[in-house]
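Results of the structural survey
Given next are the chains, with one letter for each unit.
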Amino acid sequence: MNLYLTSHCNERCPFCYADVFLQQTRSPSRSDTERLLGHLRRYAELLDSGEPPPPYRLDLDEQTRSLFSARTINLLGGEPTLHPDFQRIVREISQ
């Protein structure tokens, strides 16, 4: 699972493919963090259910199916460590 945390970046690498995209996005808000943490909690519940993650389940919405099929979480951005709630998000993931 790829989690895009922020468009902020403190570098301006000449080879960066995302520079234009990052300039056009907004900063994350507290409500964005709460929504993200809610999805991460649902993901953890699904993984803890003991059921093998099927590629498709009709009883789950599309976003949850996508979360359920992932086994790795990648934190992306700009520079994800610049997210104001980065430590909180990492704590939630590592529990």
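Here is a short report on the structure shown in this document. (Residues numbered from 1 in each chain as written. Predicted model: local features only at pLDDT ≥ 70, side-chain atom pairs only at ≥ 80, totals over all residues. Heavy atoms only, no water.)

**With respect to helix α4 (residues 86-94)**
Inspection of α4 places Phe 86, Ile 89 and Glu 92 among the buried residues, and these make up the whole buried set. Down the axis, α4 shows its buried residues gathered within 130 degrees of arc, on one side only. Counted as exposed and oriented over 90 degrees from the buried face of α4: Gln 87 and Ser 94. (Buried < 20%, exposed > 50% of the residue type's maximum accessible area, 1.4 Å probe, protein only. Helix = DSSP H or I, 4+ residues; strand = E, 2+ residues; numbered from the N terminus. Arc of directions from axis to C-beta.)

**Section: the nonpolar core**
Among the nonpolar cores identified, the biggest contains nine residues, and these are Met 1, Leu 3, Leu 5, Leu 36, Leu 37, Leu 40, Tyr 43, Phe 86 and Ile 89. Among the secondary structure elements, those contributing two or more residues to this core are β1 (2-6), α2 (30-48) and α4. For this core, the leading source of residues is α2, giving four residues. Setting aside chain neighbours within four positions, we find Phe 86 in contact with Leu 5, Leu 75, Pro 80 and Thr 81. (Core = buried A, V, L, I, M, F, W, Y, C linked by side-chain atoms within 4.5 Å. Contact = heavy atoms within 4.5 Å.)

**Examining the environment of Asn 74**
Mapped onto the fold, Asn 74 is located in strand β2 (residues 74-77). Asn 74 gets classed as partly exposed once you look at its relative accessible area, which sits at 32%. For the pair Asn 74 and Leu 3, spaced 71 residues apart in the sequence, the C-alpha separation amounts to 6.0 Å. Setting aside chain neighbours within four positions, we find Asn 74 in contact with Met 1, Asn 2 and Leu 3.

Structural measurements only, silent on function.
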